[in-house]
Amino acid sequence: MTTSARPAADQWSNTVTPVFAAITTLCAATALSGVIDGSVWLGHVAVAIIVVTGAGIGLRALRVPILLIGLCQLLALAFLVTALFTTEGVFGFIPGPKAIDQLGDVLRGAVTVIQTGVPPVEPTTPILCLVVIAIGLVAVLVDALAVAAGTPAASGLVLLCVYAVPASLADEMLPWWSFVLGAGSYALLLWVDGTHRHQVWRGRSSRTTGLAIGAPTVLVAAAVLLSLLTGETVTAIGTVGQLPGNAGTGATTGGYQIKPFTKLRGMLNQKGNQEMFRVRGLTEDHRYLRAVTLKVYNANDGWSITPTMPPGTPLAGDLPLEPGRTADGPPTRIEVEPVNSEDNWAPVYGSPRRVEGVPGDVRYDEFTGSVYVKRARKLPKYVEWADLARPTYEQLEAATPADGGSVQADYLNLPPLDPRITGLARQLTQGKTKQWDKVNALLKYFSPDNGFVYKTETAQASDSDALSDFLFNGKAGYCEQYASAMAVLVRAAGIPARVAIGYTSGFQMADYRSITTQDAHAWVEVFFPQFGWVTVDPTPLSDGRGETPPYMNPQSSTPGRLPDGGESSAAQPPASSSASAATGPDKEAGLNNGGEIPTEEKSYLAEYVTAGIAGVALVLTLLVLFWRRKRWAGTVALVAAFVWVAAVMAAVGLYSWWIAIPLGIILLAGFPAFIRMWRRRERLHTVNERSMSAAEAAWQELLAESWDRGATIPDTDTVRMTARRLVREHSLDEEGMEGLRTVVGVIERSWYGSTTEADPALPAAVNNVRASMRRNAPLALRAKLMPKSILKPRRRRTSLSEDEEN
């Protein structure tokens with residue numbers, strides 16, 4: 001590399017390359033759209049990348065050591081994370097012990113979401129914090145590889161990890177446009193670096209015109225095209241199905257169903273995890289969500305529904321009460337939003353009093369407690385007004401046993417059983433007269449103390465009868481075997497029982513509970529004439545998904561009080577559709593302890609405006625980069641800088657204007673240094689071109705360097721007098737003086753001679769003079785940030801024309 005090319009190369013590497021590296025990182029981060037819902041998180045990511053990149057550009061302009069630049073970028077990222085996600089930072093943004101503890105709690109919440117959530121998850125504060133930290137660290141690594149190490153190609157490995165993480169978490173294919181954006185921006189980064197290296201190596205950076213398409217760009221473009229074609233036809237590792245739009249089976253059909261039967265033998269299929277429902281209105285209530293109940297036991301097989309469903313009741317007005325239920329207390333408003341469920345069943349909680357928002361062909365059967373439709377489909381969001389009253393332990397103790405007349409006889413029917421099974425039921429309930437005591441005795445038989453364990457696969461068959469094998473030999477299985485076995489034992493003891501199929505309570509996600517395919521569950525419901533069907537779950541779940549109702553513990557309930565807190569809600573269901581306009585559930589839901597507090601829908605106008613401003617700034621920046629030799633480039637660059645400042649302030653202002661306003665002031669304070677850097681770059685570029693104006697540009701740049709250092713040059717001085725003043729004012733050494741003599745000679749020849757091209761030695765001479773000034777009269781930090789040639793420009797008459805020294 002020649003001496004003349006080196007400053008231009010440094011300028012390019014320290015400004016242009018970091019910008020394209022930041023754009024590449026942002027485009028790669030769009031892969032997270034496959035696992036994070038909405039677009040709010042992208043604004044956080046953009047702010048983190050801007051902070052990291054801006055810190056790097058500023059520190060390199062100040063010639064800070066490379067290692068220190070990386071550490072300062074990490075520190076800037078820490079300041080940003082503290083400001084956005086904690087309230088205990090020193091001065092609001094410096095991480096102290098309290099802020100670090102608070103940040104640890106936020107990150108632990110993020111880990112919980114990752115472990116329990118189903119993509120795409122809501123952009124909650126823990127998720128946003130984790131994403132900002134992760135992508136911020138990626139931005140630091142990419143910046144270090146592309147700029148400090150000068151190997152942007154190596155940053156592809158880091159960016160590949162950004163795609164690998166969401167690809168491993170999501171069952172669905174990541175958005176195709178994310179791959180196109182990532183590959184395109186990466187190819188552009190390689191092109192920028194390759195073109196720059198080629199120009200510097202050839203020493204002809206100023207003579208290249210047009211866009212030179214290099215081999216890296218061609219390779220990346222070919223790879224993207226090949227990958228898209230392959231994705232359209234082949235299912236590869238790490239994805240489910242093909243690209244969106246292809247016909248297929250399995251997950252591509254659009255939904256999932258829960259199976260309305262149980263098996264006494266088999267293996268639990270836990271492939272994938274899809275979000276099925278989002279439930280609002282049960283924040284602290286962890287009861288199960290029932291889809292369908294099974295009342296037919298098939299010997300040596302399992303439980304199933306009846307061959308045909310009853311006609312049911314249309315969901316218009318109040319629904320008939322389930323057997324054993326009384327309409328004493330007010331219902332609770334619960335909102336159920338199907339996500340990936342495409343089924344015949346609309347799951348409900350407790351005993352539904354009213355269901356709103358479902359199609360007209362949906363029916364309700366009070367005997368099975370099921371809301372269903374004949375043709376499987378994805379139902380719209382619906383609202384259930386549910387009777388969630390539950391008895392206490394003492395009330396169940398005092399309950400009258402059920403007889404054949406209190407419920408359908410079908411719930412006592414059993415096929416011929418192995419005598420060992422009926423003998424076990426008699427043995428466990430012997431001497432007990434209360435129905436609740438019998439149920440508890442049967443439930444305790446499935447205790448781990450009795451050798452029962454939860455496994456996703458039943459034990460190897462050692463008995464011809466599957467139920468006997470599970471009860472006496474294997475004692476291992478999952479919810480289907482536990483619920484099936486206990487329901488049989490309860491009926492064998494003369495108590496009405498059925499198996500319920502549905503979902504456990506899921507996990508809290510922002511303002512709703514997320515229920516997934518891994519929450520699918522089976523349990524037992526036992527009938528009590530005074531209270532209806534009571535949930536009893538024999539499955540020993542240990543992953544936190546199960547619920548132990550308060551009535552299972554005699555110490556957790558008090559006579560006269562409902563186990564779920566007494567007054568479960570205060571809202572009343574609308575008596576009719578006409579009355580709901582005046583006293584509807586939405587107007588009273590705010591007073592409902594079990595219902596949803598109405599919240600105003602969030603507007604994303606500010607985010608869209610911020611994105612629009614950033615888009616305008618990006619377009620202006622690209623115009624300047626690709627057409628920098630145009631006359632209007634300098635003006636556009638200045639406008640682009642102002643727009644970037646506005647974009648950064650708007651992005652940070654989304655979270656804290658207390659940070660955005662000081663940040664904007666700091667960025668605006670750096671404008672003089674930015675303008676000086678831009679004008680220096682343009683002048684040196686003109687010098688390297690060796691055109692007719694090269695001599696004039698060289699002289700103006702040297703005068704600006706002298707003016708920045710505080711020198712004063714009278715307008716009456718000639719070029720030679722000015723040169724002697726430069727030597728004296730800035731203590732130029734031999735190399736500097738020799739370069740200055742060359743510059744003066746070139747200037748005089750350009751003024752008075754007939755040559756149309758500058759001397760080839762001019763670029764090296766200018767760089768030697770500037771280097772001598774830096775060695776012998778280095779600029780103070782204040783002079784770098786507030787250059788006099790910009791803040792106090794002067795006009796100096798020359799023998800050719802009157803030009804600005806700045």
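Nothing here was measured: the structure is a model prediction, and the numbers come from that model.

## A word on the packing of helix 21 (residues 719–730) against helix 22 (residues 734–752)
As a packed pair, helix 21 and helix 22 sit with axes 11 Å apart at the nearest point and diverge in direction by 165°. Taken together, the axes of helix 21 and helix 22 lie roughly antiparallel to each other. Helix 21 and helix 22 meet at a crossing whose hand is right-handed. Each of Val 719, Arg 720, Ala 723, Leu 726 and Val 727 in helix 21 lies in contact with helix 22, whose residues at this interface are Met 737, Leu 740, Val 744, Glu 748 and Trp 751. Split by residue class, the contact of helix 21 with helix 22 holds 8 nonpolar, no polar and 2 charged.

## Structural notes on helix 13 (residues 479–492)
Helical geometry note: an α-helix holds 3.6 residues per turn, so side chains three or four residues apart project in the same direction. With 14 residues, helix 13 extends 20 Å from end C-alpha to end C-alpha; this agrees with the ideal 20 Å at 1.5 Å per step. In terms of burial, helix 13 is largely enclosed, as 13 of its 14 residues are buried. Residue Gly 494 follows helix 13 closely and has a positive phi angle near 85°.

## Concerning the packing of aromatic side chains
In the structure shown here, the tally under the stated rule is 18 aromatic pairs. With 5.3 Å between their ring centres and 20° between their planes, Tyr 163 and Phe 179 make a pair best called stacked. Of this pair, Tyr 163 sits in helix 6 (residues 155–169) while Phe 179 sits in helix 7 (residues 176–202), and the two are 16 residues apart along the sequence. Taking relative accessible area as the criterion, Tyr 163 reaches 12% and is therefore assigned buried. Here the aromatic cluster, defined as three or more aromatic residues joined through ring pairs, consists of Tyr 445, Phe 446, Phe 452, Phe 470 and Tyr 482. Positioned above the aromatic ring of Trp 533, the side-chain terminus of Arg 498 is 4.0 Å from the ring centre.

## Quick notes on the environment of Phe 671
Its place among the elements puts Phe 671 in helix 19 (residues 671–689). Put simply, Phe 671 and Leu 785 are 114 residues apart on the chain and 8.4 Å apart in space, counted from C-alpha to C-alpha. Every residue in contact with Phe 671, bar those within four places of it in the chain, is listed here: Leu 638, Ala 641, Phe 642 and Val 645.

## So, the nonpolar core
Trp 436, Phe 446 and Leu 471 are the most contacted members of the largest nonpolar core, which totals 74 residues. Residue contributions to this core peak at 9 residues, all from helix 13. Counting residues in hydrophobic clusters, the runner-up holds 53 residues, among them Phe 20, Val 47, Cys 129 and Met 509.

## A word on empty space enclosed by the protein
Where empty space is left becomes clear once a probe the size of a water molecule has been rolled over the atoms. This structure, assessed with the given rule, holds 5 cavities of 30 Å³ or more. If you go around the largest cavity, you meet 19 residues; those closest to its centre are Arg 287, Gly 350, Arg 390, Trp 533 and Thr 535. Only strand 17 (520–528) and strand 18 (532–536) provide two or more residues apiece to the lining of the largest cavity. In terms of residue count, the dominant contributor to the lining of the largest cavity is strand 18 (3 residues).

Conventions we followed
- Residues numbered from 1 in each chain as written.
- Predicted model: local features only at pLDDT ≥ 70, side-chain atom pairs only at ≥ 80, totals over all residues.
- Heavy atoms only, no water.
- Axes fitted to C-alpha atoms, helices over the stretch in contact; angles between N-to-C directions.
- Helix = DSSP H or I, 4+ residues; strand = E, 2+ residues; numbered from the N terminus.
- Parallel < 35°, antiparallel > 145°, perpendicular 65-115°, else oblique.
- Left-handed = near helix turned anticlockwise from the far one by under 90°.
- Contact = heavy atoms within 4.5 Å.
- Nonpolar A, V, L, I, M, F, W, Y, C, P; charged D, E, K, R; others polar.
- Expected span 1.5 Å × (residues − 1).
- Buried < 20%, exposed > 50% of the residue type's maximum accessible area, 1.4 Å probe, protein only.
- Phe/Tyr/Trp six-rings, centres within 6.5 Å; stacked < 30°, edge-to-face > 60°.
- Lys NZ or Arg CZ within 6 Å of the ring centre and 35° of its normal.
- Core = buried A, V, L, I, M, F, W, Y, C linked by side-chain atoms within 4.5 Å.
- 1 Å grid on protein atoms, 1.4 Å probe; cavity = no way out; pocket = protein on both sides within 12 Å on 5 of 7 lines; lining within 4 Å.
- Points joined across faces, edges and corners; volume = space filled by probe spheres on them.

Take it as geometry only, folks, not as evidence of what the structure does.
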